[in-house]
Amino acid sequence: MNAFPQFTTNIDGVDIHFIHVRSKHKNAMPMIITHGWPGSVIEQLKIIGPLTDPTAHGGSAEDAFDVVIPSLPGYGFSGRPTGTGWNPDRIARAWDVLMKRLGYTRYVAQGGDWGAVITEAMGRQAPAGLLGIDINLAATIPPEVVAALAMGGPAPAELTERERETFNASLAYAKAGSAAYFVMLTARPQTVGYGMTDSPAGLAAWLLMHPGFTPWAYGSHPERSPTKDDVLDDITLYWVTNSAASSARLYWENGGQSVALAAVQKTAEISLPVAITVFPDEVYHAPETWARRAYRNLIYFHEVDKGGHFAAWEQPELFSAELRAAFGSLRR
């Protein structure tokens, strides 16, 4: 982390830690990138080079970005809110304050996991200067599909083959109890979080329960990216900052709402350009038909052949190429 310029600034009473790397190329597009749980800014370290110096990574100078990567309130080296109310909408407003404070009057935003929820909130709020958003966990499940999933099936009859595949995968995910951590963090984040503060092994076991970490939790995959050491770096950041409890509060603050429900995230209110990349090992695969229903100004949709929940961490070169393509039309 210390290879990159890092700063803190106080916004609405909370110190916000962020990495800020300016490109050497002229007219670089400013972009704020938001991580999720149980991730951190460590997720995005490998994409800083490809985004800020594209000529060294298969791109052109016209593809360059200035990159701002903040730690969410309560996460990592950001401050811990001492009161309630730091929900995704409030964080979204804080991110616009941060970008304006850095002198950026025109910028784009990107996020996955909680970062997607916060980035979508920015899209709804549409602050002056925000040109568009990119998300890699899109809130696209239609209401009738949500109702069918809640009943445990069957799938609505009118689904296409691709939509039915997504329905079946989502139903299997729910039946397997893979979102048990979501229920626990939503109900009692303080209890769960404080239970992790006296054992690094316990903290590691808890964080590795997240389905995005499954390949690293249940086998030895030395060839995988991120590496075992990368994953341990992320867990260590939670440990040394004692942020197990403070990071968990975001689930409670969001009222137990799912990150993948278009109705909950109010995607119909987003008029700004939206770009989506679907990674095959993600916990939810958004069909393009559902994405176009959810986002009325979808300018980019692409399904790639590798990568998962921690896409920037797992496939940094591919992820960076997707961002260049996603925001290319907004540079003009």
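Here's a quick rundown of the structure. (Residues numbered from 1 in each chain as written. Predicted model: local features only at pLDDT ≥ 70, side-chain atom pairs only at ≥ 80, totals over all residues. Heavy atoms only, no water.)

### Considerations on the packing of aromatic side chains
Here the structure, examined in full by the defined rule, presents eleven aromatic pairs. Both rings, one in Phe 213 and one in Trp 313, keep their centres 6.2 Å apart while their planes meet at 65°; by these two values the pair is edge-to-face. With a gap of 100 residues between them, Phe 213 in the loop between α8 (200-207) and α9 (214-217) and Trp 313 in helix α14 (residues 311-314) connect regions that are remote in the sequence. The exposure class assigned to Phe 213 is buried, which follows from its relative accessible area of 0%. By the ring-pair criterion, three or more aromatic residues cluster together here, those being Trp 37, Trp 114, Phe 182, Trp 206 and Tyr 251. A cation over a ring is seen here: Arg 331 above Phe 65, with NZ or CZ 4.5 Å from the ring centre. (Phe/Tyr/Trp six-rings, centres within 6.5 Å; stacked < 30°, edge-to-face > 60°. Helix = DSSP H or I, 4+ residues; strand = E, 2+ residues; numbered from the N terminus. Buried < 20%, exposed > 50% of the residue type's maximum accessible area, 1.4 Å probe, protein only. Lys NZ or Arg CZ within 6 Å of the ring centre and 35° of its normal.)

### Notes on the environment of Arg 164
Along the chain, the position of Arg 164 falls in helix α5 (residues 161-175). Among the residues examined, Arg 164 registers a relative accessible area of 32% and is labelled partly exposed. Along the chain, Arg 164 and Val 145 lie 19 residues apart, while their C-alpha atoms are 9.9 Å from each other. Beyond its immediate chain neighbours, meaning those up to four positions away, Arg 164 contacts Ala 155, Pro 156, Ala 157 and Leu 159. (Contact = heavy atoms within 4.5 Å.)

### Section: the pattern of salt bridges
Tallied over the full model, the rule gives nine salt bridges. Here Asp 230 makes a salt bridge to Lys 46, at a shortest N to O gap of 2.7 Å. Pair noted here: Asp 230 is in helix α10 (residues 228-240) and Lys 46 is in helix α1 (residues 45-52), with a separation of 184 residues, a long-range link. Looking at Lys 46, the relative accessible area reads 30%, which means it is partly exposed. (Salt bridge = Lys/Arg side-chain N within 4 Å of Asp/Glu carboxyl O.)

### Focus on the pairing of strand β6 (residues 130-135)
Regular strands place side chains that alternate from one sheet face to the opposite one. Extensive coverage of β6 is indicated by the burial of six of its six residues. Sheet topology note: the strand β5 (residues 107-111)/β6 ladder contains five bridges and is parallel. Bridge pairing links Gly 111 to Ile 135 in β6. One crossover worth recording links β5 to the parallel β6 by way of helix α3 (residues 114-125), and it is right-handed. (Pairing = 2+ DSSP bridges. Right-handed = clockwise from strand over helix to strand, strands pointing away.)

### So, the environment of Ser 225
Relative to the elements of secondary structure, Ser 225 occurs in the loop between α9 and α10. As a C-alpha pair, Ser 225 and Glu 120 span 105 residues in sequence and 27 Å in three-dimensional space. Discounting chain neighbours no more than four positions away, the residues touching Ser 225 are Lys 46, Trp 216, Trp 313 and Glu 314.

### Considering the pairing of strand β7 (residues 274-278)
Extensive coverage of β7 is indicated by the burial of five of its five residues. Residues Val 274, Ile 276 and Val 278 line one face of β7 and the alternating positions Ala 275 and Thr 277 line the opposite face, and both faces are buried. In this sheet, β7 lies alongside β6 in parallel orientation, the contact comprising three bridges. Its bridge partner being in β7, Ile 133 is matched across the sheet by Val 274. Note: β7 against strand β8 (residues 298-303), five bridges, orientation parallel. Considered in β8, the bridge of Thr 277 is made with His 302. As a crossover connection, the stretch from β7 through helix α13 (residues 288-294) into β8 is right-handed.

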